[in-house]
Amino acid sequence: MINLKCDCIEELINASQGYVDNNTVFKNIKILNVFTKEWALAHVYIYKKWISHVEYDVDKPLMKCKNIIDGNNLFLCPSFVDAHTHIESSLLTPANYAKLVIPHGTLTILEDAHEVANVAGEKGLGYMLSSAKDLPMRQLLTVPSCVPSVPNYENSGANFDYRIYEKFLDEENVIGLGEVMDYEGVINNDERIGKILETTRRKNCYIQGHAPLVTGNRLSAYLCANIKSDHEARQVEEVVEKYRQGMWIDIRDANTNHNMPKIIQALKKIGNYERVSFSSDDRRSDVIQKKGHLDGIIRHAYSCGMPLTEAYISASYRPCLEANINNLGAIAPGYVADLNVLDDIESVNIKSVYFEGQCVSKDGKLVSMLSVDSSGNDLRDTIHVSVFDEEKFKIFSKKKKEIINVVEFESYSSSITNLKQIEFPIQNKQVDISSQKDCMYVAVINRYKKETYTIGVVKNFGINHGAIASTVGHDSHNITIVYDNPANAVLALQQLIRQKGGFCAIEDGNVIATLELPIAGLMSDKPINIVIDKITKMNEANVQLGNTYIDNPISRITILSLLVCPYVKISDKGIVLTEEKAYVSLFN
């Protein structure tokens, strides 16, 4: 559990009155008061890691302090709190993630280690918790609720039942239950998710939601389980309904997500931002470097019409209210001194960052960083695939033509997929898709020592030749390959095995780009700049193979196996209708 209770209250009381020296004071600085929603000139006193006093009468003499910081022409706001994210999706280790986001003013995240848990189970959670210790930020764990995300319809590397939650919800720096993606299980009173939720409620822990397009009585059923939030709302009326029903709206602004304008439109219609927090969710390291972290989300929200002060509060205090984190997210007596110093609030230009009263970043660079072991040596052997030759990548038929159930993306930028029936000719006893525009073969192959795999056809994926392959495949993280012919598919699979996971791109029998992610097939142990350079090259390879439609095409392949996303996806066990929780055969 997270404990931010002051352990020196008597001393803090004395410091607040000047009976003992404070450690630091920011004098004559314009601070954000999250309670009154104003930027006001004040002196802010810090004793140890706590704010002892905020003095709004700046003409009063200063109390004694060891360190005086002149705040003239500067602003002070609470450091940022991310309501929901996945460190693994940055493709960095927890320590390198900290190095990247701290200069952007983010000092607390609610991290759902869903990805590594699906690969490595308890060992994966242990890695994330141990790697986060002694960092100059808080990486608070929400224990993943869905491992696997949709039981019986995919095979992942672990299977959590309620007994796991009995153990981990009591661990230090664990804040609650991660996004409950199995909304169908909740609505239908599924025994497995029901026991997990009951365990979490009994421990009085925060429960995070995930409910795309769930409305009406189904939404009420979901909320009756004490689930508090949703970062999947995307349509105006959906946001309005969920807000009216008491849900927290976590505005997600990740890689290729473009829902911010509609969500802000809905909030303007409501006329209230009190239950709104910001989430970076799956924001990758290259996007963070280019657009920022929560500082970038504040800029984006403001550009879409959200009042600037409301945006700052949704990036700091409100996530703490949402997750029941006391004494964090505000500049007031008794609160933790996590603070950002800015010289301009509209551009969110952060000059320095203070973690528990100590400067940890200045002018965009870390002041200090403790040495943390993020090697993940126990997680470097997670790709286990039996012999897989070209024959397994072919679709055979004895007919002259076949009508295939194709997974079709609604558009080249949408993550929504539908089922479409398309007739293909048979050449040499194999289904030939070359005559159909924008169709590619797709394979999802189990990487956890099981023999399960599915071969299908995808339309509007983006690339038009070659192959893209990945071990990052939400949420089970099996191997996904989109390809034009079996030879390129085999080469892609061999390359992934050789590099112990990650991404690769193939063109005309040649490997044209790789991104090695040897830690659980999800994270790189390389420095941030090397990882970002590799991501850039993988994006360029996607463009070279035809995906010129989205800014970050590397993400495209990761959602083909996302069984909690509407309406049809592919797992290692088959083609799945995600709403009905039903398989559909390849041949219609």
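Each value, and the rule that gives it
- Residues numbered from 1 in each chain as written.
- Predicted model: local features only at pLDDT ≥ 70, side-chain atom pairs only at ≥ 80, totals over all residues.
- Heavy atoms only, no water.
- Buried < 20%, exposed > 50% of the residue type's maximum accessible area, 1.4 Å probe, protein only.
- Helix = DSSP H or I, 4+ residues; strand = E, 2+ residues; numbered from the N terminus.
- Pairing = 2+ DSSP bridges.
- Core = buried A, V, L, I, M, F, W, Y, C linked by side-chain atoms within 4.5 Å.
- Domains from an automatic or database assignment.
- Contact = heavy atoms within 4.5 Å.
- Buried area = accessible area lost by both parts, 1.4 Å probe.
- 1 Å grid on protein atoms, 1.4 Å probe; cavity = no way out; pocket = protein on both sides within 12 Å on 5 of 7 lines; lining within 4 Å.
- Points joined across faces, edges and corners; volume = space filled by probe spheres on them.
- Nonpolar A, V, L, I, M, F, W, Y, C, P; charged D, E, K, R; others polar.
- Salt bridge = Lys/Arg side-chain N within 4 Å of Asp/Glu carboxyl O.
- Phe/Tyr/Trp six-rings, centres within 6.5 Å; stacked < 30°, edge-to-face > 60°.

### What about the pairing of strand β22 (residues 453-459)?
Point 1. Among the 7 residues of β22, 6 are classified as buried, and the element is accordingly described as predominantly covered.
Point 2. Relative to β22, strand β18 (residues 401-409) runs parallel, the two being bridged by 2 bridges. Bridging across to β22, V407 finds its partner in V458.
Point 3. With 7 bridges joining them, strand β21 (residues 439-445) and β22 adopt antiparallel strand pairing. The partner of V442 across the bridge, within β22, is G456.

### A closer look at the nonpolar core
For soluble globular proteins, the rule of thumb is that nonpolar side chains tend to be buried together.
Point 1. Membership of the largest hydrophobic core comes to 187 residues, with the highest contact counts inside it found for F26, F278, Y312, F393 and I481.
Point 2. Of all the elements, helix α3 (residues 114-132) adds the most residues to this core, at 9 residues.
Point 3. When residues of this core are assigned to domains, at least three fall in each of domain 1 (78-318) and domain 2 (390-584).
Point 4. Setting aside residues up to four positions removed in sequence, F26 forms contacts with A42, H43, V44, I46, I69, L76, L339, V341 and Y354.
Point 5. Counting 17 residues, the second largest nonpolar core, distinct from the first, contains I175, Y206, C320 and I325.

### A look at the domain arrangement of the protein
Point 1. Looking at the protein, the domain boundaries give domain 1 (78-318) and domain 2 (390-584).
Point 2. With 42 residues of domain 1 at the interface, the matching set in domain 2 holds 44 residues.
Point 3. Carbon and sulfur atoms make up 60% of the area that domain 1 and domain 2 hide from each other, which totals about 3,500 Å².
Point 4. If you sort the residues of domain 1 by the area they bury against domain 2, L91, Y153 and N155 come out on top, with a joint share of 23%.

### Some thoughts on the sheet that holds strand β12 (residues 248-252)
Point 1. With parallel pairing, the 3 strands of this open sheet are ordered in space as β11-β12-β13. Looking at the sheet topology across the chains shown, the edges are occupied by β11 (229-230) and β13 (276-279).
Point 2. Relative to β13, β12 runs parallel, the two sharing 4 bridges. Bridge pairing links I249 to V276 in β13.

### As for empty space enclosed by the protein
Point 1. Applying the stated rule across the entire model yields 2 cavities of 30 Å³ or more.
Point 2. The space that makes up the largest cavity amounts to roughly 60 Å³.
Point 3. In terms of lining, the largest cavity is formed by V150, M181, D182, Y183, E184, L563, V564, T578, E579 and K581.
Point 4. Here the lining of the largest cavity is built from residues that sort into 5 nonpolar, 1 polar and 4 charged.
Point 5. Looking at which domains feed residues into the lining of the largest cavity, each of domain 1 (78-318) and domain 2 (390-584) gives three or more.
Point 6. One number sums up the size of the second largest cavity: a volume of about 30 Å³.
Point 7. In this structure, the second largest cavity is lined by S79, F80, V81, L107, T108, R138, L328, G329 and D338.

### What to know about the pattern of salt bridges
Point 1. With the rule as written, the count across this model stands at 35 salt bridges.
Point 2. The salt bridge partner of K37 is E274, with a shortest N-O separation of 2.4 Å. With a gap of 237 residues between them, K37 in the loop between β1 (22-33) and β2 (38-47) and E274 in the loop between α9 (260-270) and β13 connect regions that are remote in the sequence.
Point 3. One salt bridge connects D338 with R138, and the closest N-O pair in it is separated by 2.5 Å. Of this pair, D338 sits in the loop between α13 (317-322) and β14 (339-344) while R138 sits in strand β8 (residues 138-143), placing them 200 residues apart in sequence. Like D338, the residue R138 is buried in the burial classification.
Point 4. A cluster of three or more residues bridged by salt bridges with shared partners is formed by E166, D170, E198, R202 and K203.

### Side note on the packing of aromatic side chains
Geometry of an aromatic ring pair is reported as the spacing of the ring centres plus the angle between the planes.
Point 1. Summed over the entire model, instances satisfying the criterion amount to 14 aromatic pairs.
Point 2. Seen in terms of ring centroids, F393 and Y483 are 5.3 Å apart; in terms of plane orientation they differ by 80°. Their pairing is edge-to-face. One end of the pair, F393, is in the loop between β17 (365-366) and β18; the other, Y483, is in strand β24 (residues 479-483), and 90 residues separate them in sequence.
Point 3. The exposure class of Y483 is buried, given its relative accessible area of 0%.
Point 4. Through a chain of ring-to-ring contacts, three or more aromatic side chains come together here, namely F388, F393, Y441, Y453 and Y483.

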